[in-house]
Amino acid sequence: MPMHMESDLNRFRKIVRGKIKKELRRFISSGDLIARQGKKQVTIPLPRIDIPHFQYGSNEQGGVGQGNGEVGDQVGQGDPQPGEGQAGDSAGQHSLEVDVTLQELAEILGEELELPNIENKGKKNLEDKQYKYTGILKQGPESLRHFKRTYKEALRRAISSGNYDPENPVIIPRKEDKRYRSYRVYNLPVANAAIIYMMDVSGSMGDEQKEIVRLTSFWLDTWLSTQYAGLERRYIIHDATAREVDQQTFYRTKESGGTLISSAYRLAQKMIEESFDPAEWNIYLFHFSDGDNWSGNDTAECMKILEGQLIPAANLFAYGQVESRYGSGQFLRDLQKHFGDTSNKITLSQIKDRDAIVDALKTFLGKGK
Amino acid sequence: MHGYNTQLTPELAEVAARLADAARAAGLDFFDTIFELVDYKQLNEIAAYGGFPTRYPHWRWGMEYERLSKSYTYGLSIIYEMVINNDPCYAYLLRANDMVYQKTVIAHVYGHCDFFKNNYWFSKTNRKMLNQMANHAVLMRKFIDEVGQDEVESFIDTCLSLENLIDIHSPFKAQPKKNEDQDEYGRPKQPSKIKAKSYMDNYINPAEFMEYQRRKQAEEAEKVKGFPENPERDVLKFLIDHAPMSSWEKRVLGIIRDESYYFAPQAQTKILNEGWATYWHSKMMTQIAPLHESEIIDYCDHFAGVVASHPGGLNPYKLGVELLRHIERRWDRGQFGIDYLHCDDPKTRSEWNKNLGLGKQKLLEVRRIHNDITFIDEFLDEDFCHESKMFLYDYDRRSNRHVISSRDFREIKQRLLQQLTNFGQPIIRVVDGNFRNRGELLLTHSHEGADLKHDATLETLKNLHRIWKRPVHIDTLFEEVKRRISYDGTNHQIEKI
């Protein structure tokens, strides 16, 4: 009996994909998905993809049940019995939850935002070799001899040729009994892209601003991780001084005080020098701020670091300016003035609110760098 | 299936044969039953296909499969038994189940097979449905090759949206005989003549009179008649006969209709059918071919799961088996007839015993002629209602919950019957296929207390329009006002009527 479930399943998945694509903008700005993120997949709630009928509404109807209880007692809503086609028994519409791998999600994102695939800087992928013992061979070095299998073969031969004596169970393996472990070489990808996230956590960056940064970074991450076999992430927060933190802290910290953007850039520069050789790594720098730098001098300093060290080393430097109530937004203008259109390694975007995240993603990743 | 053996193990085959003999000896009469031993993945696949190994390609099988696999993975539900109405019957056993479970399922399956074969409501179903389904699949694939998968699949979606618009009683209605001299409405084509010898004909049936007759008939025909003449429950048939569809579309809709009719009796007899199978597996496992003592605890555990009552839902297994046992007891003790029904004294009633022993005979009769509605209508009495603790629940808007609203026998029975009417589907008829004399289609919904689900109704109208290709309307009661909901191809319109 042949089965065709695989193709039906694929048709269904295709429909699901279409639905996700349609709803993608809403997902991007709502942040629903981040909470549902597992290690390799995301659970996405979708309205049930159902075929409509002339049918009774479900929820408000009553029905007949069996059990104890007084009039007025609450009835627990069990799941409807499978196959029970009675109107009163279906307890509300369940929304459909589909598991989508991050890979697939990124593909959908790429299709929807028409993102180009990233051109590797021309460096070879870094790969590590790993040896795994997976098989058995008849030849091999004695050091890899598989004792148990060898013994089994010898025993089998002894029994079948009638030489086996249970009273005196001596088994002498011959050459043809010997079995050896064999290995295969696997290429393991090694991280070859690094993202350095930098965020301004000065007093003027509120919770909503940070949420926007978080959402944006999630999608940047999702996309970049499908483009590279391995991805390293570093997080820097700064006000007047900069420090490296872990991911949790990055999104949670609220500091007050002034802003010296150059401090973050200097730290990033140090990081690159120490751990990420630009000749081997694809380096991404994302900086989010409300654009309120402390002084013109510091801004000049920033430009110098960017021009001299960071930009030559990086694949992409992206600056996202999050609008806040206090920020002047000056830094974006300064960057624009300084760099103009001269370098295609720089992308600048203003993220006014959550709805603007989609456009920011497009600007950041649209260059295929 | 998938290259490996789905035959029963010798041990299971022996059990199946032994139980079959025992069941036949006990009075069951069923088609030969072929069991297949499958793993949970295959079982989920088959279940997603509605029990059939081959169905036409469609995404919703995939959706169902994913749902089943997920609930299996999370341990939310396992499929208890699966058997299809076919000659021979096919049934599936889950490889991983223990022996007690297998025995129980086999006995349960024989109950179903007996029901399929003997119940009147199944008598018109195609007993070679396994082949038919495979043929449908071949046809659909042919259409897919001709016009493309997207096109066919989306048309299947459209048809499925209307699949419940059938007349469950139509298989039992005699087809009106076609008369050569009559037109499609049963009127004579020629004006009737008075019999006369040929030379007298011109005098007895003068030409003017014949002409007059002809004219009168033509006028009559003008006046006629609704189209369809009487409101038509089998909306799908009406569409196949009259909607402007290409030939492959007609065939597809025909396939969907066939399958709908095939599955309808199962929805119509859910309680009775499951009750019957449960009654028999319990009887076989404990009396006819009793389990070993060491197996009884496991069996009881399974059985308790099968007849567990779910809060807020009605378990058809439980209701069915309890009502059948109630009937058996009543007929064994002679608790029927005018004297018993008129007896008001609870003590006399409960001690009523004429030792007639007619229970088994009565049960066989019940399984032969009843469906859920008639079963409940005839046998659900006040005693049973109280004994089995039935209640009515309703939605409480204030607390946003369902609460028990009554334990009154009459109300409970009425609601139950109402829900079973037309296998739980709204009753919808075609009343006019040339509405407003503009070829529009008018349906009516007989409101039975519950409104149609509004958003689904709007979507379904769209699908109906896709087939009818002219504006479509449905008259229904919505929020206690009579309304006509229309779709003209671009917009929906709702008006009071």
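Visitor: Would you mind going over the overall build of chain B with me for this structure?
Guide: Scanning chain B from terminus to terminus reveals 20 helices and 10 strands. In terms of overall dimensions, chain B has a C-alpha envelope of 90 × 65 × 65 Å along the principal axes. Here chain B holds 497 residues, and 37% of them are scored as buried. Pairs at least 24 residues apart make up 70% of the contacts formed inside chain B by residues separated by at least 6 positions.

Visitor: Looking at this structure, I do not really get the overall build of chain A. What am I missing?
Guide: Each helix and strand in chain A was counted, giving 10 helices and 11 strands. A sequence separation of at least 24 residues applies to 80% of the contacts in chain A between residues at least 6 apart.

Visitor: I tried to follow the environment of B:Leu341 on my own but got confused; where do I start?
Guide: With respect to the helices, strands and loops of the structure, B:Leu341 is situated in helix α14 (residues 338-342). With 128 residues separating them along the chain, B:Leu341 and B:Lys469 place their C-alpha atoms 56 Å apart.

Visitor: Would you mind showing me how to read the domain arrangement of chain A here?
Guide: By a widely used convention, the size of an interface equals the accessible area lost when the partners come together. Residue and element names in this part refer to chain A. Split by domain assignment, chain A resolves into domain 1 (1-50 + 93-112), domain 2 (127-187) and domain 3 (193-365). Placing a centre on the C-alpha atoms of domain 1 and another on those of domain 3 gives a separation of 30 Å. Across the boundary between the two partners, domain 1 contributes 11 residues, which contact 12 residues of domain 3. Listed by contribution, the elements that provide at least two residues to the side of domain 1 that touches domain 3 are α1 (5-30) and α3 (102-112). Looking at which element gives the most residues to the side of domain 1 that touches domain 3, the answer is α3, with 6 residues.

Visitor: Can you walk me through the sheet that holds strand β7 (residues 231-238) of chain A in this structure?
Guide: Whether parallel or antiparallel, the strands of a sheet pair through hydrogen bonds between backbone atoms. All names here are of chain A. The sheet built from 6 strands is open, its strands ordered β8-β7-β6-β9-β10-β11 with mixed pairing. Sheet topology places β8 (242-245) and β11 (346-351) at the edges, where each strand pairs with a single neighbour. For this sheet, the mean inter-axis angle between neighbouring strands, taken without regard to orientation, is 20°. In terms of strand pairing, strand β6 (residues 193-200) meets β7 through 8 bridges, oriented parallel. Each bridged residue has a counterpart across the sheet, and for Ile195 the counterpart in β7 is Arg233. Against the sheet, helix α7 (residues 261-275) makes contact with β6, β7, β8 and β9 (282-289), and its axis sits at roughly 150° relative to β7, the strand it touches most.

Visitor: So what exactly am I meant to see when it comes to the sheet that holds strand β10 (residues 492-496) of chain B here?
Guide: Residue and element names in this part refer to chain B. Spatially, the 5 strands line up as an open sheet ordered β6-β7-β8-β9-β10, and their pairing is mixed. Of all strands in the sheet, those bounded by a partner on one side alone are β6 (427-435) and β10. Each strand of the sheet is rotated relative to its neighbour by a mean of 25°, with strand direction disregarded. Summarising the sheet, strand β9 (residues 481-487) and β10 pair through 5 bridges and their orientation is antiparallel. Bridging from a neighbouring strand, Ile485 pairs with Ile494 of β10. Against the sheet, helix α9 (residues 235-242) contacts β6 and β7 (440-446), and its axis sits at roughly 25° relative to β6. Together, β7, β8 (472-478), β9 and β10 form the strand contacts of helix α20 (residues 454-468), whose direction differs from that of β8 by roughly 155°.

Visitor: Whenever I open this one, the domain arrangement of chain B confuses me. Can you help?
Guide: Residue and element names in this part refer to chain B. We note that the domain assignment places domain 1 (10-119 + 269-297) and domain 2 (307-420) within chain B. If you look at the interface, domain 1 gives 13 residues, while domain 2 gives 16 residues. For the side of domain 1 that touches domain 2, the secondary structure elements donating two or more residues are α4 (99-118) and α11 (270-288). Among the elements that make up the side of domain 1 that touches domain 2, the one with the highest residue count is α11 (8 residues).

Visitor: Help me understand the packing of helix α1 (residues 10-25) of chain B against α4(B) in this model?
Guide: Two numbers describe a pair of packed helices, the interaxial angle and the distance between the axes. Residues and elements named next belong to chain B. As a packed pair, α1 and α4 sit with axes 10 Å apart at the nearest point and diverge in direction by 40°. Relative to α4, the element α1 lies oblique. Where α1 crosses over α4, the two elements pack in a sense that is right-handed. Here α1 contributes Leu12, Val15, Ala16, Leu19, Ala20 and Ala23 to the contact with α4, which in turn contributes Gln102, Lys103, Ile106, Ala107 and Tyr110. Of the residues that constitute the contact of α1 with α4, the class distribution is 9 nonpolar, 1 polar and 1 charged.

Visitor: It is not clear to me how the nonpolar core should be interpreted in this structure. Could you clarify?
Guide: One recurring pattern in soluble globular proteins: nonpolar side chains tend to sit buried together. Among the nonpolar cores identified, the biggest contains 180 residues, and A:Ile236, A:Ala268, A:Tyr284, A:Leu285 and B:Tyr110 are the most heavily contacted of them. Among the elements that take part in this core, α4(B) stands out by supplying 9 residues, more than any other. Ignoring any residue separated from it by four or fewer positions in sequence, one finds B:Tyr110 in contact with B:Leu19, B:Ala20, B:Ala23, B:Leu28, B:Phe30, B:Thr33 and B:Trp280.

Visitor: Any chance you could explain the environment of B:Asp432 here in plain terms?
Guide: Tracing the backbone through its elements, the reader meets B:Asp432 in strand β6. Along the primary structure B:Asp432 and B:Leu272 are separated by 160 residues, whereas in three dimensions their C-alpha atoms are 37 Å apart.

Visitor: Would you mind showing me how to read the packing of α1(A) against helix α3 (residues 59-73) of chain B here?
Guide: Orientation of α1(A) relative to α3(B), taken along the N-to-C sense of each, is 90°, at an axis distance of 7 Å. Here α1(A) is positioned roughly perpendicular relative to α3(B), judged by the angle of their axes. Taken together, the residues of α3(B) that come into contact with α1(A) (itself represented by A:Met5, A:Asp8, A:Leu9, A:Arg11, A:Phe12 and A:Ile15) are B:Trp59, B:Trp61, B:Gly62, B:Met63, B:Tyr65 and B:Glu66. Residue composition of the contact of α1(A) with α3(B), by class: 8 nonpolar, 1 polar and 3 charged.

Visitor: Explanation requested: the pairing of β8(B) in the structure shown.
Guide: Looking along a regular strand, one sees side chains alternate from face to face of the sheet. Residue and element names in this part refer to chain B. The element β8 is largely enclosed, with a buried count of 5 among its 7 residues. Pairing of β7 with β8, which is carried by 4 bridges, proceeds in the parallel orientation. Considered in β8, the bridge of Leu443 is made with Ile474. Considered for its hand, the β-α-β crossover made up of β7, α20 and β8 is right-handed.

Visitor: Just checking my understanding: could you explain the confidence of the model for chain B for this structure?
Guide: Where the model shows low pLDDT, its predicted coordinates should not be examined in detail. Across chain B, the average pLDDT comes to 87, with 93% of residues at or above 70. Scored as a whole, the predicted complex attains pTM 0.75, and scored at its interfaces, ipTM 0.81.

Visitor: What is the right way to look at the confidence of the model for chain A in this model?
Guide: Predicted confidence across chain A gives a mean pLDDT of 79, with 83% of residues reaching 70 or more. Mean pLDDT per element in chain A: helix α2 (residues 32-35) of chain A is the minimum at 67, and helix α4 (residues 147-160) of chain A is the maximum at 93.

Visitor: Can you help me understand the environment of B:Arg60 in this one?
Guide: You can see B:Arg60 is positioned in helix α3. A C-alpha to C-alpha distance of 36 Å links B:Arg60 and B:Arg438, two positions 378 residues apart in sequence.

Visitor: I would appreciate a short explanation of unusual backbone geometry in the present structure.
Guide: Only a minority of non-glycine residues have a phi that is not negative, and only a minority of peptide bonds are not trans. Residues and elements named next belong to chain B. With omega at 0°, the peptide bond leading from Asp87 into Pro88 counts as cis. On the secondary structure map, Pro88 appears in the loop between β2 (82-84) and β3 (89-94). Phi is positive for Arg436, which is not a glycine, with a value near 60°. Of note, Arg436 is situated in the loop between β6 and β7. Despite not being glycine, Glu479 has its phi angle at roughly 50°, a positive value. Tracing the backbone shows Glu479 in the loop between β8 and β9.

The rules behind these values
Residues numbered from 1 in each chain as written. Chains lettered and ligands numbered in written order. Predicted model: local features only at pLDDT ≥ 70, side-chain atom pairs only at ≥ 80, totals over all residues. Helix = DSSP H or I, 4+ residues; strand = E, 2+ residues; numbered from the N terminus. Buried ≥ 20, exposed ≤ 12 C-beta atoms within 10 Å, placed from the backbone. Contact = placed C-beta atoms within 7 Å. Domains from an automatic or database assignment. Pairing = 2+ DSSP bridges. Axes fitted to C-alpha atoms, helices over the stretch in contact; angles between N-to-C directions. Parallel < 35°, antiparallel > 145°, perpendicular 65-115°, else oblique. Left-handed = near helix turned anticlockwise from the far one by under 90°. Nonpolar A, V, L, I, M, F, W, Y, C, P; charged D, E, K, R; others polar. Core = buried A, V, L, I, M, F, W, Y, C linked by C-beta atoms within 7 Å. Right-handed = clockwise from strand over helix to strand, strands pointing away. pLDDT = per-residue confidence, 0-100.

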